[in-house]
Amino acid sequence: MSGATDSGKRLRALHVSSATIGGVGANFLALAKGMQGSDVELEFALPDDSHFFHAIRDTGVVVHEVPMDRQPFRASNIRSLLMLLKLCRREPYDVVHTHCAVGGVLGRVAGKITGARTLWSSHGWSFNYTINEGVKGTLYRNIERGMGRLTDRYIMLSREMLRIGHEAGIAGVTRSSLLPHGIELPDPGSSAEKRAELGATPDEILFGWAGRIEPQKAPQVLIDCCVPVMRKHSNIKLVLVGDGPDRAALEHRVSGLGLSSRVIFAGWQPDAPNWMRAMDVFLLPSAWEASPIVLIEAMALQKPIVATRGGGVPETVIEGEGGLIADAGDVSALSDHLFTLAEDTSLRERLGTFNRKRAEQHHTLTAMCERYAAVYRWLVLPEDERRATPAPDAVAP
């Protein structure tokens, strides 16, 4: 290792990921901003696959472009591994913190070979996704079991991710720290300007969603659960902030339902939280999630939430206090929740107030960065001292 524990030297940590899309990229951007000036010097090794790559680089941190194919068995990933090995040998790191499936494997291999302490963050288990059922899921599960031997510490974004890993037989998850996401909390502020831009009148209720329009986010369920409420209440509109491969099909569906004038496709926006400010109810009916940052953004903006169970959602949104929760795919239950909130202004206000306080107490950027740094510092302690010192934020299955 580079000797970060020596007097006057900053600890050097390299984050490696095969994707910067969505919440993963948002988490990297938050860390890049929040850890500046700390005793941890962050660098990133990432593919240039989204606007987050450039936003992270614009913060002033060092970002190494390392193309990685998210399909794990592509020959190009051997070249990616060689690039990571070269980087880690040239710039010895104390910690290599890895993310996602392919980035997690390549980064942990490169980190271990070059003598760094290694971590993997649970943005989701690839073997647990419905698209990876059967033989593929079994293969991915066995790979993760083997990778446990190359992982000094797991960072769990939720207890549910820990449970899934433990039940899958990944022994290494007994070495886990629970570190939920944190963000720069936006001021809830006034929604008037953005509502005016959207053409919303004061008496209209805006249901809202933000993310990538793809199967994981269940866009058809999103529309289906809103339709009955919109049919009954003519003052309700739906705002979708984001883009993705299923957008055209979704627009076609909305047109077929005769709701094009009341469903606003805002497209990808660099300031999505500012658009979320205009919403009266935030909706996230995903098929699966790990620990969605967008929910924390909605909470910080004092929005009541309707969401589906899965991953860390119930640990983030407290059912009945900050939001109303349904099982994934349960259109009827989601519609019922939307009816409830559409017809009860005081409930919307109560849930939103609770969410803001919870975000302030549990999801600040400062707290998250301090907790990450504490885990890194613990990992690079001499072995005898580390064994005698409790791991920060340790959590057991």
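The coordinates are above.
Computed from a predicted structure; not experimentally measured.

**Regarding the nonpolar core**
No. 1: Judged by nonpolar contacts, the single largest core of 102 residues is most densely connected at F44, I56, F207, F282, L338, Y372 and Y376.
No. 2: Take this core: its biggest share by element is 9 residues, from helix α15 (residues 365–379).
No. 3: Apart from the residues lying within four places of it in its own chain, the contact partners of F282 are G208, W209, A210, M276, V294, L295, A298, K303, P304, I305 and V306.

**Section: the sheet that holds strand β14 (residues 394–395)**
No. 1: Across the sheet, 8 strands lie side by side as β3-β2-β1-β4-β5-β6-β7-β14; this open sheet has mixed pairing. The sheet is open, and its two edges are formed by β3 (62–65) and β14, each paired on a single side.
No. 2: As defined by bridge partners, strand β7 (residues 176–178) adjoins β14 across 2 bridges and the pair is classed as antiparallel. Paired with S177 across the bridge in β14 is A394.
No. 3: In this fold helix α2 (residues 51–58) packs onto β2 (40–46) and β3, with an angle of close to 145° to the strand it touches most, β3.

**Looking at helix α11 (residues 293–300)**
No. 1: Of all 8 residues in α11, 8 are buried, a share of seventy percent or more.
No. 2: Along α11, the residues that are buried comprise I293, V294, L295, I296, E297, A298, M299 and A300.
No. 3: The positive-phi residue at the C-terminal boundary of α11 is Q302, with phi of around 70°.

**Observations regarding the packing of helix α8 (residues 219–232) against helix α9 (residues 247–256)**
No. 1: Axis separation between α8 and α9 bottoms out at 10 Å; the angle between their running directions is 20°. What the angle tells us is that α8 and α9 run roughly parallel. Regarding α8 and α9, the two cross each other, and that crossing is right-handed. Within the contact between the two elements, α8 uses P219, Q220, I223 and D224 and α9 uses L250, R253 and V254.
No. 2: For the contact of α8 with α9, a count of residues per class yields 4 nonpolar, 1 polar and 2 charged.

**Points about the pattern of salt bridges**
No. 1: Tallied over the entire structure, the rule returns 26 salt bridges.
No. 2: For the salt bridge of E144 with R108, the shortest nitrogen-to-oxygen distance reads 3.5 Å. Of this pair, E144 sits in helix α5 (residues 135–147) while R108 sits in helix α4 (residues 101–113), placing them 36 residues apart in sequence.
No. 3: The class for E144 is buried, based on a relative accessible area of 3%.
No. 4: With a shortest N-O distance of 2.5 Å, E160 and R163 are connected by a salt bridge. Placement of the pair is E160 and R163 together in helix α6 (residues 159–167), with a separation of 3 residues, close to one helical turn.
No. 5: The exposure class assigned to E160 is partly exposed, which follows from its relative accessible area of 22%.
No. 6: You can call R163 partly exposed: its relative accessible area is 34%.

**A short note on the layout of surface pockets**
No. 1: There is about 300 Å³ of room inside the second largest pocket.
No. 2: Lining the second largest pocket are 18 residues, and of these M279, D280, Q302, K303 and E349 sit closest to its centre.
No. 3: At 5 residues, helix α14 (residues 345–362) tops the list of elements feeding residues into the lining of the second largest pocket.
No. 4: Taken together, the residues of the lining of the second largest pocket break down into 5 nonpolar, 7 polar and 6 charged.

**Some thoughts on the pairing of strand β1 (residues 11–17)**
No. 1: Burial of β1 is extensive: 7 of the 7 residues sit out of reach of the surface.
No. 2: Both faces of β1 are covered, namely the face carrying L11, A13, H15 and S17 and the face carrying R12, L14 and V16.
No. 3: By the bridge criterion, 6 bridges tie β1 to β2 in an arrangement that is parallel. Paired with A13 across the two strands is L42, which belongs to β2.
No. 4: Read as a crossover between parallel neighbours, the route from β1 over helix α1 (residues 22–34) to β2 is right-handed.
No. 5: Sheet topology places β1 next to strand β4 (residues 95–99); 5 bridges connect them, and they run parallel. Considered in β4, the bridge of H15 is made with H97.

**Some details on the side chain of R358**
No. 1: Here R358 lies in helix α14.
No. 2: The charged side chain of R358 is buried without a salt bridge, its nearest counter-charge being E315 at 7.6 Å.
No. 3: A distance of 2.9 Å separates a polar side-chain atom of R358 from the backbone oxygen of E315.
No. 4: A polar side-chain atom of R358 sits 3.1 Å from the main-chain carbonyl oxygen of T316.
No. 5: Excluding anything up to four places from it in sequence, R358 contacts M299, E315, T316, I318 and H363.

**Quick word on helix α3 (residues 76–90)**
No. 1: Look at α3: 21 Å from first C-alpha to last across 15 residues, which is about the 21 Å you get at 1.5 Å a residue.
No. 2: For α3, the full list of buried residues reads N77, S80, L84, L85, L87 and C88. Taken down its axis, α3 places every buried residue within 165° of arc, on the same side. The exposed residues of α3 that point more than 90 degrees off its buried face are I78, R79, L82, K86 and R89.
No. 3: On its buried face, α3 is in contact with β1, β2, β3, β4 and α4.

The rules we used
Residues numbered from 1 in each chain as written. Predicted model: local features only at pLDDT ≥ 70, side-chain atom pairs only at ≥ 80, totals over all residues. Heavy atoms only, no water. Core = buried A, V, L, I, M, F, W, Y, C linked by side-chain atoms within 4.5 Å. Buried < 20%, exposed > 50% of the residue type's maximum accessible area, 1.4 Å probe, protein only. Helix = DSSP H or I, 4+ residues; strand = E, 2+ residues; numbered from the N terminus. Contact = heavy atoms within 4.5 Å. Pairing = 2+ DSSP bridges. Axes fitted to C-alpha atoms, helices over the stretch in contact; angles between N-to-C directions. Parallel < 35°, antiparallel > 145°, perpendicular 65-115°, else oblique. Left-handed = near helix turned anticlockwise from the far one by under 90°. Nonpolar A, V, L, I, M, F, W, Y, C, P; charged D, E, K, R; others polar. Salt bridge = Lys/Arg side-chain N within 4 Å of Asp/Glu carboxyl O. 1 Å grid on protein atoms, 1.4 Å probe; cavity = no way out; pocket = protein on both sides within 12 Å on 5 of 7 lines; lining within 4 Å. Points joined across faces, edges and corners; volume = space filled by probe spheres on them. Right-handed = clockwise from strand over helix to strand, strands pointing away. Lys, Arg positive; Asp, Glu negative; His and termini not counted. Polar contact = N/O pair within 3.5 Å; in protein donor to acceptor, adjacent residues only side chain to side chain. Expected span 1.5 Å × (residues − 1). Arc of directions from axis to C-beta.

By themselves, these figures tell us nothing about what the structure is for.
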